[in-house]
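# Breakdown of the fold
So the chains spell out like this:
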Amino acid sequence: MLVVGESLVGTTAARHLRTLGHTGPITIIGAEGHGACSRPPLSKAVLKDPAADHTLGLALDGLGADVIRSPAVSADIRRRTVTTADGRQVAYGALIVATGADARRLAAHGQRGELVLRTLDDARLLRGRLADTGSVIVVGAGFLGMEVASACAARGIPATVVDADRPLQRILGDHLSAEITARAAAHGIRFVQATGFATLTGDPVSGVALPDGTELTADLVVTCAGEVPCTGWLGGTGLAGRLGVGIDHACATTVPGVFAAGAVTYLRGDGTRPDRRAPFWSNAVAQGRAAAASALGLPQPGPPQDDYFWTEVAGLTVKIVGRLPLLGEPATVPGSMADGRALLTWSHADGTSTAVAYGLRKPVAALRALAATPLPPSP
Ligand SMILES: Cc1cc2nc3c(=O)[nH]c(=O)nc-3n(C[C@H](O)[C@H](O)[C@H](O)COP(=O)(O)OP(=O)(O)OC[C@H]3O[C@@H](n4cnc5c(N)ncnc54)[C@H](O)[C@@H]3O)c2cc1C
């Protein structure tokens with residue numbers, strides 16, 4: 001068993017291979033010198049507190065896996081081998097592709113100083129730079145951009161978030177976006193809606209230019225403009241396209257003996273559903289387990305998709321179970337959005353529901369139960 005990528009999916013799949021009874025060799029190829037680490041705390045805790053650096057490890061203890069820390073540079077699916085940057089050629093019976101994604105960068109060729117947040121090293125660099133920064137521009141108002149802006153606000157640094165869409169609107173829809181934008185503003189996070197793509201200005205980067213001619217500058221500019229699946233090493237295999245590596249519900253790719261999971265993948269559409277990426281934590285865990293079972297030729301351990309997602313904005317945790325994006329108004333809203341404590345539900349045309357705990361301490365299991373309950377239609 002060969003797992004390429006030593007992060008959430010890689011460690012989950014390796015552990016699950018053992019749980020399912022695999023006693024043969026497991027090799028993991030990783031690219032980060034410090035080993036596997038959990039990414040959600042990078043934008044929530046690590047930017048604020050150096051002590052958080054030590055709480056991120058994803059351990060491989062007791063698994064008896066061989067770990068090679070040198071990135072995979074190519075794969076030969078006919079001979080079933082993967083080659084690493086340090087020249088090793090590793091043979092496999094089954095391969096699990098778990099190379100995740102990199103931050104999408106906006107800098108022009110040769111333009112220096114763009115900051116992104118994907119790795120522990122990125123987070124440490126950014127935390128250090130925030131120590132003597134008077135203002136920050138964040139490009140991108142998705143969950144990552146809003147978390148970075150929230151960390152700036154928590155440190156008393158004025159942050160301006162720039163995007164063509166309103167904060168979190170693409171994934172959470174208009175209703176929650178409006179609430180979150182208002183809450184962020186009350187915490188000193190300014191939002192500037194652009195009419196199109198922002199470009200980075202200065203070398204090193206010191207601002208952004210918007211399509212309407214507006215130019216904004218700040219001490220620090222952080223790009224949170226999405227991610228790019230890490231598939232370069234799969235060149236020539238036919239496994240990867242623009243959205244990453246296509247998989248089915250069993251995490252099987254189109255190549256025999258090759259499985260894939262997590263942020264490097266997209267779920268192939270089936271005529272009724274389009275291709276879909278879901279690069280979130282709980283989905284990576286569910287797919288890591290599914291890929292391990294499939295690699296062993298065993299039935300699926302559970303649903304291969306998990307649609308639990310959470311984020312933190314301006315000191316408030318938002319937990320969501322169910323399909324996204326959330327269109328229209330919620331069907332029910334017990335609690336108070338203004339007080340930052342509400343439980344919202346949306347019911348979709350296909351009979352499924354989405355439950356959202358907005359600032360409420362609600363166990364995920366309870367949210368799952370609520371999302372599974374038939375609800376009145378959303379207005
Ligand atoms: C800052 C941040 C905050 C997040 N917060 C949340 C959150 O609050 N909620 C949520 O649901 N999700 C969150 N996510 C998303 C979540 O962390 C990802 O979905 C998850 O990390 C995906 O796991 P993965 O193992 O598929 O990929 P990754 O975590 O991207 O790991 C892939 C690994 O493969 C390695 N690799 C890449 N190329 C190669 C190669 N050629 N050879 C060997 N190794 C290679 C990489 O170095 C990396 O270690 C966050 C992500 C980030 C970056």
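Note that the coordinates shown come from a computational prediction; the quantities given were computed from them, not determined experimentally. (Residues numbered from 1 in each chain as written. Predicted model: local features only at pLDDT ≥ 70, side-chain atom pairs only at ≥ 80, totals over all residues. Heavy atoms only, no water.)

### Some words on the sheet that holds strand β18 (residues 244-247)
If you trace the three strands from one edge of the open sheet to the other, you get β17-β18-β20, paired in mixed fashion. At either end of the open sheet lies a strand with only one pairing partner, and these are β17 (240-241) and β20 (265-267). Relative to β18, β17 is paired through two bridges, and the arrangement is antiparallel. Residue Ala 240 lies in a different strand from β18, and its bridge partner there is Val 245. (Pairing = 2+ DSSP bridges. Helix = DSSP H or I, 4+ residues; strand = E, 2+ residues; numbered from the N terminus.)

### Let's talk about the site of the ligand
With respect to spatial proximity, 36 residues lie near the ligand, and among them Glu 32, Arg 39, Lys 44, Arg 118 and Ala 263 are the closest. Within the backbone of Ala 101, a nitrogen or oxygen atom sits 3.3 Å from an oxygen atom of the ligand. The separation between an oxygen atom of the ligand and a polar main-chain atom of Ala 263 is 2.9 Å. Here the ligand loses 94% of its free accessible area of 1000 Å² to cover by the protein chains. Only α1 (8-19), β2 (27-30), α2 (40-46), α4 (143-154), α6 (281-295) and β21 (308-313) provide two or more residues apiece to the shell around the ligand. Among the elements that line the shell around the ligand, the one with the most residues is α2, at four residues. Of the residues that constitute the shell around the ligand, the class distribution is 23 nonpolar, seven polar and six charged. When residues are assigned to domains, the shell around the ligand turns out to be shared by domain 1 (2-42 + 57-102 + 227-295) and domain 2 (105-223), each giving three or more. (Near = heavy atom within 4 Å. Polar contact = N/O pair within 3.5 Å; in protein donor to acceptor, adjacent residues only side chain to side chain. Areas by Shrake-Rupley, 256 points an atom, 1.4 Å probe, with all protein chains shown as cover. Nonpolar A, V, L, I, M, F, W, Y, C, P; charged D, E, K, R; others polar. Domains from an automatic or database assignment.)

### Some points on the environment of Ile 68
Along the chain, Ile 68 turns up in strand β3 (residues 66-69). Taking the C-alpha atoms as reference points, Ile 68 and Phe 280, 212 residues apart in sequence, are found 26 Å from one another. Excluding anything up to four places from it in sequence, Ile 68 contacts Thr 27, Ile 28, Ile 29, Gly 30, Thr 84, Arg 88 and Val 90. (Contact = heavy atoms within 4.5 Å.)

### Some remarks on the side chain of Glu 114
Inspection of the secondary structure puts Glu 114 in the loop between β8 (101-103) and α3 (120-130). The buried charged residue Glu 114 lacks any salt bridge, with Arg 105 as its nearest oppositely charged partner at 4.9 Å. From its side chain, Glu 114 meets the backbone nitrogen of Leu 106 in a polar contact 2.7 Å long. Of the polar contacts made by the side chain of Glu 114, one reaches the side chain of Thr 223; its length is 2.7 Å. Ignoring sequence-local partners within four residues, the contact set of Glu 114 consists of Arg 105, Leu 106, Ala 107, Leu 200, Val 205 and Thr 223. (Buried < 20%, exposed > 50% of the residue type's maximum accessible area, 1.4 Å probe, protein only. Lys, Arg positive; Asp, Glu negative; His and termini not counted. Salt bridge = Lys/Arg side-chain N within 4 Å of Asp/Glu carboxyl O.)

### So, the domain arrangement of the chain
The domains assigned to the chain are domain 1 (2-42 + 57-102 + 227-295), domain 2 (105-223) and domain 3 (315-371). Its C-alpha centre places domain 1 at a distance of 31 Å from the equivalent point of domain 3.

### With respect to empty space enclosed by the protein
In total, this model carries one cavity of 30 Å³ or more according to the counting rule given. When its volume is computed, the largest cavity comes out at roughly 40 Å³. Taken together, Thr 265, Tyr 266, Leu 267, Arg 276, Arg 277, Ala 278, Asn 283, Gln 287 and Gln 305 make up the full set of residues lining the largest cavity. Counting residues per element, the lining of the largest cavity draws most heavily on β20, which supplies three residues. When the residues that make up the lining of the largest cavity are grouped by side-chain class, the tally is three nonpolar, four polar and two charged. (1 Å grid on protein atoms, 1.4 Å probe; cavity = no way out; pocket = protein on both sides within 12 Å on 5 of 7 lines; lining within 4 Å. Points joined across faces, edges and corners; volume = space filled by probe spheres on them.)

### Looking at the sheet that holds strand β14 (residues 215-217)
Here we have three strands laid out as an open sheet, ordered β12-β13-β14, and antiparallel in their pairing. With partners counted over all chains shown, the strands left at the sheet margins are β12 (199-201) and β14, one partner each. Here the strands of the sheet are splayed against their neighbours by 30 degrees on average, with no regard to which way each runs. Strand direction decides the pairing type here: strand β13 (residues 207-209) and β14, joined by three bridges, are antiparallel. Among the inter-strand pairings, Val 208 is bridged to a residue of β14, identified as Leu 216. (Axes fitted to C-alpha atoms, helices over the stretch in contact; angles between N-to-C directions.)

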